[in-house]
Amino acid sequence: MKRTTAPRLLSFLAIPVLALALAACQRDEKSAATAGAPPPADVSAEMALIPLPAKLEPRQGQFTIDASTPVHAEGEAAQRVAKRFVKLVSTTGKIDLKLAADGAAGGIRFVLDPAFKSASPEAYVLDTATDGITVRASDERGLFYGAVTLWQLAAPGGEAAIRVPALHIEDAPRFGWRGLMLDSARHFQSVEEIKRLLDAMALHKLNTFHWHLTDDQGWRIEIKRYPKLTEVGGCRIPAGDGGKDPATEKPKPYCGYYTQDQIRDVVKYAAERHITIVPEIDVPGHAQAAIAAYPELGVLGDKPPVLNEWGVNTYLFNTEESTFQFLENVFAEVIGLFPGPYVHVGGDEAVKDQWKASARVQARMRELGIKDEMAMQSHLIQRLEKFLVAHDRRLIGWDEILEGGLPPEATVMSWRGIEGGIEAAEQGHDVVMSPSSELYFDYLQTHSPNEPPGRPAAIPLKQVYAFEPVPQQLDAAHRQHILGLQANVWTEHMRSFARMQHAIFPRIAALAETGWSPQARKDYDGFLARLPAQLQRYQALGINYAATPFEVAFSVQEDRQAGKATVTLDNPTGYQDIRYTTDGNDPTAASPRYESPLALTLPAELRAAVFADGKPLAAAGVQHLTAASLLSRTDEELQMCSSGLMLRLEDDGPADGERAIFNVDIFNPCWLWSGADLTDIASIKVRAGRMPYYFQLHKDEANRKFRAPKSAHGELEIHAGCDGELLASVPLPAEPDSSGFVDLKADLPADLTGRRDLCITFTGDTRPTMWVLDRVTLQPR
Ligand code: ACM
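Residues numbered from 1 in each chain as written. Predicted model: local features only at pLDDT ≥ 70, side-chain atom pairs only at ≥ 80, totals over all residues. Heavy atoms only, no water.

## Observations regarding the overall build of the protein chain
1) Next: For the protein chain, the helix and strand inventory stands at 20 helices and 39 strands.
2) Next: For 781 residues, the compact-globule formula gives about 28 Å, and the C-alpha radius of gyration of the protein chain, at 29 Å, lands near that figure.
3) Next: Counting only C-alpha atoms and orienting by the principal axes, one finds that the protein chain spans roughly 85 × 80 × 55 Å.
4) Next: Sorting the 781 residues of the protein chain into buried and exposed places 56% on the buried side.
5) Next: Only carbon and sulfur atoms are counted for the fraction: they give 52% of the accessible area of the protein chain, which is about 31800 Å². (Helix = DSSP H or I, 4+ residues; strand = E, 2+ residues; numbered from the N terminus. Rg over C-alpha atoms; globule rule 2.2 N^0.38 Å. Buried < 20%, exposed > 50% of the residue type's maximum accessible area, 1.4 Å probe, protein only. Areas by Shrake-Rupley, 256 points an atom, 1.4 Å probe, with all protein chains shown as cover.)

## A look at unusual backbone geometry
1) Next: With an omega of -5 degrees, the peptide bond between Ile 50 and Pro 51 qualifies as cis.
2) Next: Here Pro 51 lies in the loop between helix 3 (44-47) and strand 1 (55-66).
3) Next: In this structure, the amide linkage connecting Leu 602 to the following residue, Pro 603, adopts the cis form with an omega of -5 degrees.
4) Next: One can find Pro 603 in the loop between strand 24 (598-601) and strand 25 (604-612).
5) Next: Although it is not a glycine, Asp 613 sits at a positive phi angle of roughly 50 degrees.
6) Next: Structurally, Asp 613 can be placed in the loop between strand 25 and strand 26 (615-616).

## Section: the side chain of His 698
1) Next: Following the sequence through the fold, His 698 ends up in the loop between strand 34 (695-696) and strand 35 (715-720).
2) Next: Not counting residues within four places of it along the chain, the set of residues in contact with His 698 comprises Val 312, Thr 314, Val 351 and Asp 353. (Contact = heavy atoms within 4.5 Å.)

## A word on the packing of aromatic side chains
Each aromatic ring pair is summarised here by two numbers: the centre-to-centre distance and the angle between the ring planes.
1) Next: Considering all chains together, one arrives at 29 aromatic pairs under this definition.
2) Next: The interplanar angle of 70 degrees and the centroid separation of 5.2 Å between the aromatic rings of Tyr 145 and Trp 516 together place this pair among those described as edge-to-face. Residue Tyr 145 is located in helix 5 (residues 140-154), and its partner Trp 516 is located in helix 19 (residues 507-516); the two are separated by 371 residues in the primary sequence. With respect to burial, Tyr 145 and Trp 516 carry one shared label: buried.
3) Next: Judged by centre distance (4.5 Å) and plane angle (35 degrees), the ring pair of Phe 188 and Tyr 258 falls under tilted. Placement of Phe 188 in the loop between strand 8 (177-183) and helix 6 (191-203) and of Tyr 258 in the loop between strand 13 (254-255) and helix 8 (260-272) is noted, with a sequence separation of 70 residues between them.
4) Next: The class for Phe 188 is partly exposed, based on a relative accessible area of 23%. (Phe/Tyr/Trp six-rings, centres within 6.5 Å; stacked < 30°, edge-to-face > 60°.)

## Focus on the sheet that holds strand 16 (residues 342-346)
1) Next: With parallel pairing, eight strands are arranged side by side around a closed barrel as 8-9-14-16-17-18-19-20. The average undirected angle you get between the axes of adjacent strands in this sheet is 25 degrees.
2) Next: Two strands pair when backbone bridges link them, and strand 9 (residues 208-212) and strand 14 (residues 276-283) are joined in this way by five bridges, in the parallel orientation. Within the sheet, the bridge partner assigned to Trp 211 lies in strand 14 and is Pro 279.
3) Next: Against the sheet, helix 10 (residues 321-337) engages strand 14 and strand 16, with an angle of about 170 degrees to strand 14. (Pairing = 2+ DSSP bridges. Axes fitted to C-alpha atoms, helices over the stretch in contact; angles between N-to-C directions.)

## Quick notes on the confidence of the model for the protein chain
Detail in the predicted coordinates should be disregarded across regions flagged by low pLDDT.
1) Next: Chain-level statistics for the protein chain give a pLDDT mean of 92 and a share of 94% at 70 or above.
2) Next: Taking the mean pLDDT of every element in the protein chain, the minimum, 24, falls on helix 1 (residues 6-13) and the maximum, 99, on strand 9.
3) Next: Contacts from residues 1-45, a stretch scored under 50 in pLDDT, to residues over four places away or in other chains number 33 contacts. (pLDDT = per-residue confidence, 0-100.)

## Some details on helix 14 (residues 419-426)
In an α-helix there are 3.6 residues to a turn, and that puts residues three or four apart on one side.
1) Next: Looking only at helix 14, the buried set comprises Gly 420, Gly 421, Ile 422, Ala 424 and Ala 425.
2) Next: On its buried side, helix 14 packs onto strand 18 (411-414), strand 19 (431-433), helix 17 (476-479) and strand 20 (482-489).
3) Next: Directly beyond the C-terminal end of helix 14, a positive phi value near 90 degrees is found at Gly 428.

## Quick notes on the environment of Phe 762
1) Next: By secondary structure assignment, the location of Phe 762 is in strand 38 (residues 755-762).
2) Next: In the structure, Phe 762 is positioned 124 residues away from Leu 638 in sequence and 16 Å away in space, judged by C-alpha atoms.
3) Next: In contact with Phe 762, other than residues within four places in its own chain, are Pro 669, Trp 671, Ala 688, Glu 715, Leu 716, Leu 732, Trp 771, Val 772 and Leu 773.

## Remarks on the state of the cysteines
1) Next: As enumerated under the stated definition, the model contains three disulfides in all.
2) Next: At a sulfur-sulfur separation of 2.0 Å, the disulfide partner of Cys 235 is Cys 255. Between Cys 235 and Cys 255 the disulfide shows an S-S torsion of about 115 degrees. By sign, it is right-handed. In this pair, Cys 235 is assigned in strand 12 (residues 235-236) and Cys 255 in strand 13, connecting sequence segments 20 residues apart.
3) Next: Cys 255 gets classed as partly exposed once you look at its relative accessible area, which sits at 38%.
4) Next: Across the disulfide from Cys 722 sits Cys 759; the S-S distance is 2.1 Å. Of note, the bridge from Cys 722 to Cys 759 carries an S-S torsion of about -70 degrees and is left-handed in sense. With a gap of 37 residues between them, Cys 722 in the loop between strand 35 and strand 36 (726-731) and Cys 759 in strand 38 connect regions that are remote in the sequence.
5) Next: With a relative accessible area of 2%, Cys 759 lands in the buried category. (Disulfide = S-S within 2.5 Å.)

## Topic: the sheet that holds strand 37 (residues 741-747)
1) Next: An order of 28-39-33-37 is seen for the four strands of this open sheet, with the pairing classed as antiparallel. The open sheet is flanked by strand 28 (632-634) and strand 37, the only strands paired with a single partner. Along the sheet, successive strands turn relative to each other by an average axial angle of 25 degrees, direction set aside.
2) Next: Across 11 bridges, the pairing between strand 33 (residues 681-692) and strand 39 (residues 769-780) is antiparallel. Following the sheet pairing, Val 686 is matched in strand 39 by Val 776.

## Considerations on helix 8
1) Next: With 13 residues, helix 8 ought to run about 18 Å at 1.5 Å a step, and its terminal C-alpha atoms sit 18 Å apart, in line with that.
2) Next: Among the residues making up helix 8, those that are buried are Gln 260, Ile 263, Val 266, Val 267, Tyr 269 and Ala 270.
3) Next: Those residues of helix 8 that are buried lie in contact with helix 6, strand 9, strand 14 and helix 10.
4) Next: Within two residues after helix 8, His 274 carries a phi angle of roughly 60 degrees, on the positive side. (Expected span 1.5 Å × (residues − 1).)

This is the structure:
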């Protein structure tokens, strides 16, 4: 065997694989390192640390943690950290560690050392050696992050003894703002759920929780001076059946708010995990719940309901001095509850129609010498900044606060891309990057039919990981204004904590790495190699992370005439090891590896799963391919006829429990089956459901399309091509049947043959409801 070229090739092509293989070797030969075998070149994959530390050096040997290992900590702060570490290790593993009485030798030592030199209070050094482990920092925050890293080295750790390899870590975060925003207005989370989220944030070394507490659909923070904000503004009647008691048919409100005592409790809980909370009170838009409670705050003087629709809404706070004082009074109570430096004033999506149309607002603008509505918004934000600064707080707002001019000290949260952030930084303002294109965790992460409701403009894990918060075009002087990054979790489509967790995990791991690790250390393949260990930690912590990124995506090309199908397999996250079977058993690591599209003769049962380190990352997916299955498609398997706004929406009933989910483009509800084989097909059966149309599209409303109806309740129409010939038209009933669905049969012209693009739509503007497609089935002659 020629030895000269192979190692070069290996080092060129296969470093991660080689590192993994070496790491695996080390794991198998338990005492090899202690016996003097050289450590692998880079053990970070084995350590599976997320976020990756700034610097990690492997050392000789290992240390074994078991129940007899003493944990030392001197002083209250270090003991707090030590206790949290002990609790974490017992939660995710089998070992109950004890804080040691002074004097016990060896063990784990948490040391707060004022002489420890670092630019960041979040920095720490971790040394694991054969005779003990030391975590050292100058500040409790750094010590805590060192404890989290050590816990990761030991977790999930289901065994009675855990071996931690000897190493030296020097670590500090890249950014000071590592944030997550949660919308508690659209759907409400319990204090317990918020605490579980804060726990998980801390384990990802995130330090900022932005809490979106007010919106059109609910006011969620108790304000003592204005009790109706929560009494009235804290409840809405959901649209459709979701807002009715099924037994009595009476309105069933959706309510929730946090008392001031609960907020103080959450703030304290967060602080114990080194998380600062940034409360958001959204002005001047997203104000309908407040105006429902106190109509005198509004422009129109009417009393709107707390909104039960999603989208962009026109209700704004008015511009009276009394309303500005109301807002200052609210912010005064908010400041009393949240000790952190930043208060978020919203500023987003405040369309100015009501201000433009109001003679009173226009008169007020003249009175104040304000030239236009943007400047009016800017005037309000500047006034709030003065108030906040006078109370030793800093104002932060969404990037719309740039319009009309920023107040002198404002920080900008850039969400409509990064451009607002660039503009603000160039003006010398601090910036947090949270672009909707990469860091909106309410967008779904894959196209799997197992995704919950959400926005299917998918933001996969890789896209989150790839986001770089410091734009190239910023010069060095302005780069320092980028405080960091934040992911946002809007909860229109997240009725449950499980769904919220699905949206957040595992993408929070990618966010954490960008926020913490040096840019040069980032490497997506390395991240994927470390992720399976993180999933095991999630399991041990009881976190309902999304399995969809770890599923196999199937794409089926059918040949009905030949009784065959060609199936392409893929993993949306980028894992390469896909194993499959056709014998009805779930695949194992020894099953055939997927290399290229599979040609299958019908009937066939194809099962496939993604593997890492010889273990499946999620349950195997199954495709039952039969002559009948090739004749049928669900909404998820169809495309949309145009690219409007596709949403994955949940049916409105029952109020609690399981509901059907539909993919629908709310601008053009029309589903496309490209190249459907219509040879020998007599008719098409469509199963349709009906759900509320609960959207405010504002200026986009004009782009909403529907075809004119020909009968009382409109028709199901099937076209050959979306602008093509009408193949069939069937009148719709007034109502679906008691199941909430209706089955419609459309006869096709007798001479139809070959393949066509079938576009299936419903005519008429049927608001406040809309028909949605559930399944379409071709029926042979
Ligand atoms: C936002 O997404 N409206 C900030």
